[in-house]
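# Residue-level structure breakdown
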Amino acid sequence: MTAVTTKSRGSFLTWLKTGSGILTAMMAVIVIALIPAIIQGGLKLFLQRVFDSLNNGAVYAVTAIALVIIFKATTLINFAGANIAMFGAYVCWWLNTSYGFPIWIAVFVAMGTMGVLGSLIERTLIRPFDVNDHLPVVLITFGIAAILEAFAGGLWGLEFHKFPSPFPSDPKDRFTIAGAFLRYETVGTLIVMGLMIYGIYLLLNKTKVGLAFRAVSSNVESARLVGVRTGRTLQFGWALASALGVLGACLVAKQTNLEPAFMAKLVIFAFAAATLGGLDSIGGSVIGAFIVAVVQSMLTGYGQEIPGLGWLKSNFALVLAFVLILVVLLFKPAGLYGTRRIERV
Amino acid sequence: MSELMLKLSGVNARYGAIQVLRDVNLEVNKGEVVVVLGGNGAGKTTTLRAICAMVTTTGSIQIAGTEVVGKDTADIVRMQVAHVPQGRGTFPEMSVLDNLMVGAYTRKDKEIQADIDRWMDAFPRLRERRTQTAGSLSGGEQQMLAVARAMMCRPELLLLDEPSLGLAPLIIEDLFRRFGEINRETGITMLVVEQNANLALEIANRGYVLEAGEVVLQGSAEDLRTNEAVREAYLGA
Ligand SMILES: Nc1ncnc2c1ncn2[C@@H]1O[C@H](COP(=O)(O)OP(=O)(O)OP(=O)(O)O)[C@@H](O)[C@H]1O
Ligand SMILES: [Mg+2]
C-alpha cells in the first residue's frame, strides 16, 4: 500500500483502473475500514491477530499449491482435491489413534496412500477422457469428492473427531512477542510449509520428472513431440497434489477437528488464495494464501466492530472469499502472478 | 541402393469424421532433404503429424524399416525422430536453456551439456538469451530455438513444418542455409514442409506436391523447379 502513494498522480489513476489496481483498492478499502478498530484494539491485539492468521495462511498455501499443480498441468480445477485431503487426514488419524502410529509416520503413510489413490484416479477415471473436453472430467472430480465424503462418513461417522497435533501443543508452548502469543504449532506449520515449497521447487526444477511436468504444463503437444509420456506425467501431478493436500489437511485438522466436510469448507479459501495469486503460479498462490488469511483474521477479529456489520460474524470471511474470487476473475483473471486465465471451468 | 529412412504407403489420416490424407505414398532416403509443397489445407502438417502418431492414421509408415502406425508418439520420438511443429512449438514459460534440456528428454548419455554448447555456438543469439523465457523471444529466435531443441535429441530424421512462417526474408535465407549445413555436416535426413518453395527446393534433393490430401506430383528438386504447374502455383513465376 505504501507503493501506491509514491506513484505520480497520472500513472496512479491509470494503474487504479487495471486489475491489480482494483484488487489493491478493494483490499485498501477493507483495511482502511478496519483502521479505527485496529487502533482502538492496540498493537498487542493486532499482532495477535496477525499471528493467528499465519497458521491458516500456511494451510491455505499448501492446499492452494495442490490445486495449482493440477491446474498447471491440465487447466482444470480439481474439485476432488479437498476430499482426497480430508480422507487422507482420516487415514492419518485412524493409524494414529487405532494403531498407535507416531503422528508424523501416520502423516507420511497417509500422504503416500492418497498419493497412490490420486495416481490411480488419474489413470482410471481421468485419462480415458479427451483432455480438451473439460466437462466430463470436472463432473468426475465432483463425483469422486462425493464418494470420498460418503466413505469417510460411513467408515468413521459424521461426528467430530479430535485430531492429534503434529507439534508441541500445550497451552504453554508458545513464544511471547510484544505481549502477543506465537504458538509453537504455528511456527511448526510454517516450517513444514517452507520445507514443502523448497521440496517442490527442487522436484520441479532439478529432476527429470519435474522437467517433464513443466513441459506438459507449458505445451502438451510439444511435450509429446520430445518424447514425454504425458499420461504418466499427469499421473505424477495427481499423486503429488494428492499427497500435498493430505499434508495441508493434517496441518489444519487440529484446529478444525475431523469431520467429512472439513476440507470442503476450507478449500474455498485456498481457491481464493490461488485465484488471487494466479492459478498457475506456485509462488503467487503462497502470497495469495497469506493475504487471504490475514484479511480473514482481521475481518473476523475487527469486522464486527464496524457499525452495521456486527451481524455478519465469522461468516463474513466466507463471503469475502467468494467476492475476492469474483473480483479477480472479473478484473484480473490471471491473478497477481499468473500467466493464464481461466477459460473454461 | 540408398537406404530408406521413411516410407509412407497408402496413408490415410483423419480428424474425427474428416478425412484429410488420402492414399499418400512418400519416400525419403537416408541423408536426403525432401520438401513437401502444397497450398493451405492441403494436408502437409497432417502428413508430418501422421508420422509422429499425432493424428488417427491407417496405412503403413515405416521409419528405418520399422512399422510405426499404431505406436505411441513417445516411442516414435525414441527412434531418433524430431519434429518442429508449425508455429514452432517451443515451451513459452520455460527458459531457453530448459527448452534445450527438454529437447534431450529421451537421452541418458553424458554429452547433453556439450550438445547445448554446440547449438548455442551455432545460434549465438540463444546463448545471449539462455535464461530468458522462450515466450519472450522474437519469432526468428524462437524458430532457432525450435530447431536447436529438435537437434538436442540427436535425430536421424528431422521433420520441419513451415520453418519460414512469419520470418523476415533475410532470416529465412539464413535459416535455410543452416538447414543445408546441418544436413551436410550431420548427414541427418530432413522432411521439410514449406510454402517458400524457392528456398526449400534449393536445399532439397526431391519434393512432393500435395493437393487436397493427395500427392499430385513428385520429382527431383530440379524437375519441380522447372515444372510449369509448380512454377505457377508455388514459385510465383
Ligand atoms: N485438429 C483438426 N481437426 C479437424 N480438422 C483439422 C484439424 N487440423 C487440420 N484439419 C483440417 O485438415 C486439413 C489439412 O490441414 P493441414 O494442417 O494438414 O494443412 P496444411 O497443408 O498444413 O495447411 P497450412 O499450409 O495452412 O498449414 C484442413 O482442411 C484442416 O481444416
Ligand atoms: Mg500446416
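As the structure is a prediction and not an experimental result, all values here were calculated from the model.

Scoring rules and cut-offs
- Within every chain, residues take consecutive numbers counted from 1 along the sequence as written.
- In the order they appear in the text, chains get letters beginning with A and ligands get numbers beginning with 1.
- Restriction of local features to residues with pLDDT of at least 70 applies here, the model being predicted, together with a cutoff of 80 or more for giving and counting side-chain atom pairs; totals for whole chains, interfaces and linings are based on all residues.
- Calculation of side-chain values draws on the structure's entire complement of heavy atoms; hydrogens and water are dropped beforehand.
- Whether two strands pair depends on DSSP finding at least two bridges between them.
- Strands are runs of DSSP state E lasting at least two residues, helices are runs of H or I lasting at least four, and both sets are numbered from the N terminus onward.
- Whether two residues are in contact is decided by their heavy atoms, any of which lying within 4.5 Å being enough.
- The angle between two axes is taken between their N-to-C directions and runs from 0 to 180 degrees, where each axis is a line fitted to C-alpha atoms and a helix contributes only its stretch in contact.
- What marks off one domain from the next here is an automatic or database domain assignment.
- Each reported salt bridge corresponds to a side-chain nitrogen of Lys or Arg within 4 Å of a carboxyl oxygen of Asp or Glu.
- Reported orientations rely on four angle classes, namely roughly parallel under 35 degrees, roughly antiparallel over 145, roughly perpendicular from 65 to 115, and oblique for the rest.
- In this count, Pro and Cys sit with the nonpolar residues alongside Ala, Val, Leu, Ile, Met, Phe, Trp and Tyr, while Asp, Glu, Lys and Arg are called charged and the others, Gly among them, polar.
- A simple rule labels every residue: compare its accessible area, found with a 1.4 Å probe on the protein chains alone, to the largest value its type can have, and call it buried under 20%, exposed over 50%, or partly exposed in between.
- Two N or O atoms form a polar contact when they lie within 3.5 Å of each other; inside protein one atom must be a possible hydrogen donor and the other a possible acceptor, and for residues adjacent in sequence the pair counts only when both atoms belong to side chains.
- Any residue with a non-hydrogen atom lying within 4 Å of a molecule or strand is treated as near it.
- Here the open area of atoms and residues is found with the Shrake-Rupley method and a 1.4 Å probe, where only the protein chains shown may cover a residue.
- By nonpolar core is meant a set of buried Ala, Val, Leu, Ile, Met, Phe, Trp, Tyr and Cys residues that side-chain atoms within 4.5 Å join together.

A separate point is the sheet that holds strand β4 (residues 56–63) of chain B. All names here are of chain B. With antiparallel pairing, the 4 strands of this open sheet are ordered in space as β2-β1-β4-β5. Two strands lie at the open edges of the sheet, namely β2 (18–29) and β5 (66–67), each paired on one side alone. Relative to β2, strand β1 (residues 4–15) is paired through 8 bridges, and the arrangement is antiparallel. In the strand pairing of β2, Lys7 is matched with Glu27. Across the sheet, helix α1 (residues 44–51) lies against β1, β2 and β4, angled at about 115° from β1, the strand it touches most.

All names here are of chain B. For chain B, the assigned domains read domain 1 (6–80 + 155–234) and domain 2 (91–152). The centre of domain 1, based on its C-alpha atoms, is set 23 Å off from the matching centre of domain 2. Counting from both sides, the interface comprises 14 residues of domain 1 and, opposite them, 12 residues of domain 2. Between the two partners, domain 1 and domain 2, sit 0 salt bridges.

The subject of this paragraph is the packing of helix α10 (residues 230–256) of chain A against helix α11 (residues 262–277) of chain A. Residues and elements named next belong to chain A. Relative orientation of the contacting elements α10 and α11 amounts to 110°, with a least axis distance of 11 Å. Judged by the angle between their axes, α10 and α11 are roughly perpendicular. Across the interface between the two elements, Ala249, Val252, Ala253 and Thr256 of α10 pack against Phe262, Met263 and Leu266 of α11. The residue inventory of the contact of α10 with α11, partitioned by class, reads 6 nonpolar, 1 polar and no charged.

Further remarks concern the pattern of salt bridges. Tallying each qualifying case throughout the model produces 23 salt bridges over all chains. For Glu185 of chain A, the salt bridge identified is with Arg183 of chain A, shortest N-O distance 3.3 Å. Between Arg129 of chain B and Glu141 of chain B there is a salt bridge, with the nearest N and O atoms lying 3.0 Å from each other. Within this pair, whereas Arg129 of chain B is found in the loop between α5 (124–128) and α6 (139–151), its partner Glu141 of chain B is found in helix α6, the two being separated by 12 residues in sequence. Owing to a relative accessible area of 25%, Arg129 of chain B belongs among the partly exposed residues under this scheme. Under the relative-accessibility criterion, Glu141 of chain B is labelled buried at 6%. When salt bridges that share partners are traced, they join Arg107, Asp109, Glu111, Asp115 and Arg154 of chain B into one network.

With respect to the helices, strands and loops of the structure, Ser242 of chain A is situated in helix α10. Setting aside residues no more than four positions away along its own chain, Ser242 of chain A makes contact with Ile84, Met114, Gly115 and Gly118 of chain A.

A word on the interface of chain B and chain A. Chain B puts 27 residues into the contact, and the matching count from chain A is 17 residues. Seen at the junction of chain B and chain A, the total is 3 salt bridges. At the junction of chain B and chain A, the tally comes to 10 residue pairs in polar contact (both at pLDDT 80 or more). At the level of elements, α2 (73–77) and α3 (96–103) of chain B are the ones that each hand at least two residues to the side of chain B that touches chain A. A class-by-class count of the residues in the side of chain B that touches chain A yields 13 nonpolar, 6 polar and 8 charged.

Bringing the site of ligand 1 into the picture now. All names here are of chain B. The full set close to ligand 1 counts 14 residues, and Asn40, Gly41, Lys44, Thr45 and Thr46 are the nearest of them. Within the backbone of Gly43, one N or O atom sits 2.9 Å away from an oxygen atom of ligand 1. Taking Gln86, its side chain carries an N or O atom lying 2.9 Å from an oxygen atom of ligand 1. Relative to its unbound accessible surface of 630 Å², ligand 1 loses 61% to contact with the protein. Looking at the shell around ligand 1, the elements that each hand over two or more residues are β2 and α1. It is α1 that contributes the most residues to the shell around ligand 1, 3 residues altogether. Of the residues contributing to the shell around ligand 1, the split by class is 4 nonpolar, 8 polar and 2 charged.

Time to look at the pairing of strand β3 (residues 33–38) of chain B. Burial of β3 of chain B is extensive: 6 of the 6 residues sit out of reach of the surface. With burial as the criterion, each face of β3 of chain B is covered, one bearing Val33, Val35 and Leu37 of chain B and the other bearing Val34, Val36 and Gly38 of chain B.

Moving on to the nonpolar core. Residues and elements named next belong to chain A. Residues Phe163, Phe262, Met263 and Leu324 are the most contacted members of the largest nonpolar core, which totals 113 residues. With 21 residues, helix α3 (residues 19–74) is the single largest residue contributor to this core. When residues no more than four places from it in sequence are discounted, the contact partners of Phe163 are Ala89, Cys92, Trp93, Ile103, Cys250, Ala253, Lys254, Asn257 and Leu258.

All names here are of chain B. Read from one edge of the open sheet, 6 strands run β6-β7-β8-β3-β9-β10, paired in mixed fashion. Either end of the sheet is taken by a strand with one partner, and the two such strands are β6 (81–84) and β10 (214–220). The mean inter-strand angle of the sheet, taken between neighbouring strand axes irrespective of direction, is 15°. Summarising the sheet, β6 and strand β7 (residues 157–161) pair through 4 bridges and their orientation is parallel. Across the sheet, Val84 pairs through a bridge with Leu160, a residue of β7. Contacts from α1 reach β3, β6, β7, β8 (189–193) and β9 (206–211) within the one sheet, and its direction differs from that of β7 by about 150°. In the packing of α6 onto the sheet, contacts are made with β6 and β7, and the angle to β6 comes to roughly 170°.

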